[in-house]
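Letter by letter, the chains look like this.
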Amino acid sequence: MNMNEEFIECPCCGKKVPANDVELTFKRPDEIAAMSEEDINEFCLYNKEIYNYRNEKHYIRSLLPLPVVEKEDRYCLGVWVYVSKNDYQTIYDTWEEQDLTHMAPIQCTLANDIPLHENTNGLEIELQLMGKTRPEVIIKDSSSSLYAEQRKGITIHRASEYSDICR
């Protein structure tokens, strides 16, 4: 344990949790992660922000923000989203613009199964372009447990549960 690390007491259980936990981030979209490295290198164009599979499937790295009840900060899940070819081109063409928050959200789907939740891969979402930074995911399906977490917020304890998956 790092003696200089700040801890906060979780109000729901009293457990001491790190104040600045590492955020859960997915390295690749699940479909791409299931492929061999050879196939990825042969069939994908990619960098740390995009995956383009055979010019048929297009993925964008995004942030899924969850407000933390006990803090002013948000806990962001680093996820991948599947977008249409036209939307992919729009994102590619506007990535360097300063502010894209005026643009209408893009209808797309999550491309990762998020632990602690059921059936998130393929969940319909909206993607809000931000400008010069990763776009943000807005959960629209009110039956999803992620919807409730995004709307109501999560406890510092829940943020710690996400971070524990990273270890």
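Quick caveat, the model's predicted, so the values are computed rather than measured. (Residues numbered from 1 in each chain as written. Predicted model: local features only at pLDDT ≥ 70, side-chain atom pairs only at ≥ 80, totals over all residues. Heavy atoms only, no water.)

**Student:** Which residues make up the overall build of the chain, and what values do they have?
**Tutor:** From N to C terminus, the chain includes five helices and nine strands. The linear arrangement of helices and strands in the chain, starting from the amino end, is β-β-α-α-β-β-β-β-α-β-β-β-α-α. Residues classed as buried in the chain amount to 43% of the 167 residues present. Roughly 9,400 Å² of accessible area belongs to the chain as shown, and the carbon and sulfur atoms make up 47% of that amount. (Helix = DSSP H or I, 4+ residues; strand = E, 2+ residues; numbered from the N terminus. Buried < 20%, exposed > 50% of the residue type's maximum accessible area, 1.4 Å probe, protein only. Areas by Shrake-Rupley, 256 points an atom, 1.4 Å probe, with all protein chains shown as cover.)

**Student:** Any chance you could break down empty space enclosed by the protein for me, citing the residues and the numbers?
**Tutor:** Scanning the entire structure with this criterion turns up one cavity of 30 Å³ or more. Quantified by volume, the largest cavity comes out at close to 50 Å³. Taken together, Ile91, Thr94, Trp95, Leu100, Leu129, Met130, Gly131, Lys132, Thr133 and Pro135 make up the full set of residues lining the largest cavity. Among the residues forming the lining of the largest cavity, the class breakdown is six nonpolar, three polar and one charged. (1 Å grid on protein atoms, 1.4 Å probe; cavity = no way out; pocket = protein on both sides within 12 Å on 5 of 7 lines; lining within 4 Å. Points joined across faces, edges and corners; volume = space filled by probe spheres on them. Nonpolar A, V, L, I, M, F, W, Y, C, P; charged D, E, K, R; others polar.)

**Student:** Residues and numbers for the pattern of salt bridges, please.
**Tutor:** Side chains bearing opposite charge may pair, as long as their charged atoms lie close to each other. One pass over the structure, following the stated rule, counts seven salt bridges. Ionic pairing is found between Glu161 and Arg158, a salt bridge with its closest N-O pair at 3.2 Å. Taken together, the residues span about one helical turn, with Glu161 and Arg158 both in helix H5 (residues 156-166) at a distance of three residues. Take Arg158: its relative accessible area is 18%, and that puts it in the buried class. Each of Glu149, Arg158 and Glu161 takes part in one network of salt bridges that share partners. (Salt bridge = Lys/Arg side-chain N within 4 Å of Asp/Glu carboxyl O.)

**Student:** Any chance you could break down the layout of surface pockets for me, citing the residues and the numbers?
**Tutor:** Computed from the structure, the largest pocket encloses a volume of approximately 160 Å³. Taken together, Asn47, Glu49, Ile50, Ile60, Tyr88, Ile91, Tyr92, Trp95 and Glu96 make up the full set of residues lining the largest pocket. Per element, the largest residue contribution to the lining of the largest pocket is three residues, and it comes from helix H3 (residues 85-94). Residue composition of the lining of the largest pocket, by class: six nonpolar, one polar and two charged.

**Student:** Quick one: what's the story with the nonpolar core, residue by residue and with numbers?
**Tutor:** The biggest cluster of nonpolar side chains holds 39 residues, and the ones touching the most others in it are Leu64, Leu77, Val81, Leu110, Ile114 and Tyr162. Elements that contribute at least two residues to this core include exactly strand S4 (50-53), strand S5 (57-67), strand S6 (74-83), H3, strand S7 (106-110), strand S8 (124-128), strand S9 (136-139) and H5. At six residues, S6 tops the list of elements feeding residues into this core. Here Tyr162 is in contact with Leu24, Leu66, Tyr75, Leu77, Ile114, Pro115, Leu116, His117, Leu146, Glu149 and Ile154, once residues within four sequence places are set aside. (Core = buried A, V, L, I, M, F, W, Y, C linked by side-chain atoms within 4.5 Å. Contact = heavy atoms within 4.5 Å.)

**Student:** Outline the packing of aromatic side chains, supporting the account with residue identities and numerical values.
**Tutor:** Under the criterion given, the structure shown has five aromatic pairs. Measuring from ring centre to ring centre gives 4.8 Å for Tyr46 and Tyr51, while their planes differ by 10°; the resulting arrangement is stacked. For Tyr46, a relative accessible area of 35% gives the class partly exposed. Ring centres of Tyr75 and Tyr162 lie 5.7 Å apart, and the angle between their planes is 25°; this geometry places the pair in the stacked category. Of this pair, Tyr75 sits in strand S6 while Tyr162 sits in helix H5, and the two are 87 residues apart along the sequence. (Phe/Tyr/Trp six-rings, centres within 6.5 Å; stacked < 30°, edge-to-face > 60°.)

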